[in-house]
Structures are given as C-alpha cells and as structure tokens.
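Fold and contact review
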Amino acid sequence: AGKLVYMGGSAVLGGSTTASWEFDDLFSSTYHYYRINCSFAMSSAGDDLWMQWRSDGSNISTVDYRYIQQWTNMTSASVMSNTTAFSGTNETKITLGENMSGALTEMSSFTIDVYQPMTSGCHTACMITGFVFQTNGTTSMTTSNCWYNGEAGDIDGFRFLTSASSISYREAQVWAFDST
C-alpha cells in the first residue's frame, strides 16, 4: 500500500510581496511522483505568473520547457465564457497565467503533479490542475500539461515568479508518493 510523504513547504501569511518564490532540495531519486499544493494571492493586476525548475539552488532557464493549457471562465451569472487555450515550446519557463486581469487579492490555488524530476534519461513532466482564481466576478480555471525537454535527473526544486513583485499571501506543500 502506498502513502504520502511530506517533503516540505513554506507559508507567508501576509506582509511583504515578492516576485520570486523558491523551493530547493524537495525532490530526490527516492520517489518518482510528487504533488505540490499551492495557494496564493496577488497584490497587483495584470501580472504574468510563471514556474521554473531548479537544480542545486539555481534556476533552470534553458529553452527546454513546453506546455499547453486550457482556460475556462465562468461569470457570476453562471455563463460559460472565453474558453481559450495557449501553449509554448522552446520556452525558458512554464506560463501559469498571462496578464491576469483584476487585482487577484482573493485566494487562488492549484495542484501540480510532478513525474520523475530526478530520473536520468527521462523527461520531467507535470500536470497542473485546479488552478482557480476569481477576478471581477468571473471564476477562471485551467488545466495544463507541461514537460521539461532538457536533461533530467538533476531537478530538485522549483520556483514561482511574476512579471512584478506581486505575490503576497502564499502557501505551498510538497508531497511524495511512496509506492512501497
């Protein structure tokens, strides 16, 4: 029977804002599957939100990221609107949200499932589900498939970053799935 193993996390429950939020030494060769649960609030409108892998305390910013995303928006009157998709290849980071309108001072959350970040000879993949946020009475949700096409086997962390210093409240937990 499998079990979840807590690998670490971080919480900042208010106060200063940041443009980058790093997590190091969370992935190991012991486990192949990880789950990242994250909640946050932005302090300014129109920001982009991205993710990058990290290795030995450094950002991996090579042009080896690929992703495809599907956004669905639901208005306060329960009307489905503006279902869009966007993607990127040969990128230096994974786009989680672009030009997010309205001040995202309400809580937003998402889950990222990560597959084999420390396995050599394998491309690291992740699936982002349940990225939910609300702006101006509209609730938006996305699902994404992402992968890193560079040399795998040395990814031990990740970071979230924005186009401005605007991540205020933030909390994340990283879990590994132990199949033994």
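Structure shown above.
Notes on the structure in this doc start here. (Residues numbered from 1 in each chain as written. Predicted model: local features only at pLDDT ≥ 70, side-chain atom pairs only at ≥ 80, totals over all residues. Heavy atoms only, no water.)

**Topic: the overall build of the protein**
In terms of regular secondary structure, the protein is built from zero helices and 13 strands. Going from the N terminus to the C terminus, the protein shows its helices and strands as β-β-β-β-β-β-β-β-β-β-β-β-β. Classification of the 180 residues of the protein by burial places 42% in the buried group. Long-range contacts, defined as pairs at least 24 residues apart, comprise 77% of the intrachain contacts of the protein with a sequence gap of at least 6. When the accessible area of the protein is evaluated, it comes to approximately 8,300 Å², of which 49% is carbon and sulfur surface. (Helix = DSSP H or I, 4+ residues; strand = E, 2+ residues; numbered from the N terminus. Buried < 20%, exposed > 50% of the residue type's maximum accessible area, 1.4 Å probe, protein only. Contact = heavy atoms within 4.5 Å. Areas by Shrake-Rupley, 256 points an atom, 1.4 Å probe, with all protein chains shown as cover.)

**Focus on the environment of Thr111**
On the secondary structure map, Thr111 appears in strand β9 (residues 108–115). For Thr111, a relative accessible area of 17% corresponds to the buried category. For the pair Thr111 and Val174, spaced 63 residues apart in sequence, the C-alpha separation works out to 9.9 Å. The residues contacting Thr111, other than those within four sequence positions of it, are Arg35, Ile36, Asn37, Met127, Ile128 and Thr129. A polar contact is formed between the side chain of Thr111 and the side chain of Asn37, at a distance of 3.3 Å. (Polar contact = N/O pair within 3.5 Å; in protein donor to acceptor, adjacent residues only side chain to side chain.)

**A few points about the nonpolar core**
Taken as a class, soluble globular proteins show a tendency for nonpolar side chains to be buried jointly. Trp53, Phe158 and Phe160 are the most contacted members of the largest nonpolar core, which has 35 residues in total. In this view, Phe158 contacts Trp21, Glu22, Phe23, Leu26, Phe27, Ile36, Met51, Gln52, Trp53, Arg54 and Val174; residues no more than four positions away in its chain are not counted. (Core = buried A, V, L, I, M, F, W, Y, C linked by side-chain atoms within 4.5 Å.)

**With respect to the side chain of Arg66**
As for its position among the elements, Arg66 is in strand β6 (residues 65–74). Within polar-contact distance, the side chain of Arg66 engages the side chain of Asn90 at 2.9 Å. Not counting residues within four places of it along the chain, the set of residues in contact with Arg66 comprises Gly88, Thr89, Asn90, Asn145, Cys146, Trp147 and Asn149.

**What to know about the packing of aromatic side chains**
Enumeration over the complete set of coordinates arrives at 14 aromatic pairs. Relative to Phe160, the ring of Phe158 lies with its centre 5.4 Å away and its plane at 70°, an arrangement referred to as edge-to-face. Both residues of the pair, Phe158 and Phe160, belong to the buried class. Ring pairs connect the aromatic residues Trp21, Phe23, Phe27, Tyr31, Tyr34, Phe40, Trp53, Phe110, Phe158 and Phe160, which therefore count as one cluster. The ring of Trp50 carries Lys93 above its face, with NZ or CZ at 4.6 Å from the centroid. (Phe/Tyr/Trp six-rings, centres within 6.5 Å; stacked < 30°, edge-to-face > 60°. Lys NZ or Arg CZ within 6 Å of the ring centre and 35° of its normal.)

**Considering the environment of Ser140**
The residue Ser140 is located in strand β11 (residues 138–148) in this model. Looking at Ser140, the relative accessible area reads 5%, which means it is buried. Residues Ser140 and Gly130, 10 residues apart in the sequence, show an inter-C-alpha distance of 9.5 Å.

**Focus: unusual backbone geometry**
For Asp25, which is not glycine, the phi dihedral falls at a positive 55°. As for its position among the elements, Asp25 is in the loop between β2 (20–23) and β3 (33–42). If you check the backbone angles, Gln116 has positive phi at about 55° while not being a glycine. Of note, Gln116 is situated in the loop between β9 and β10 (124–135).

**Description of the environment of Gly130**
Here Gly130 lies in strand β10. Along the backbone, Gly130 and Ser144 are 14 residues apart, and their C-alpha atoms lie at a distance of 9.3 Å. If near-sequence neighbours (up to four positions away) are discounted, Gly130 is found in contact with Ser109, Phe110, Met141 and Thr142.

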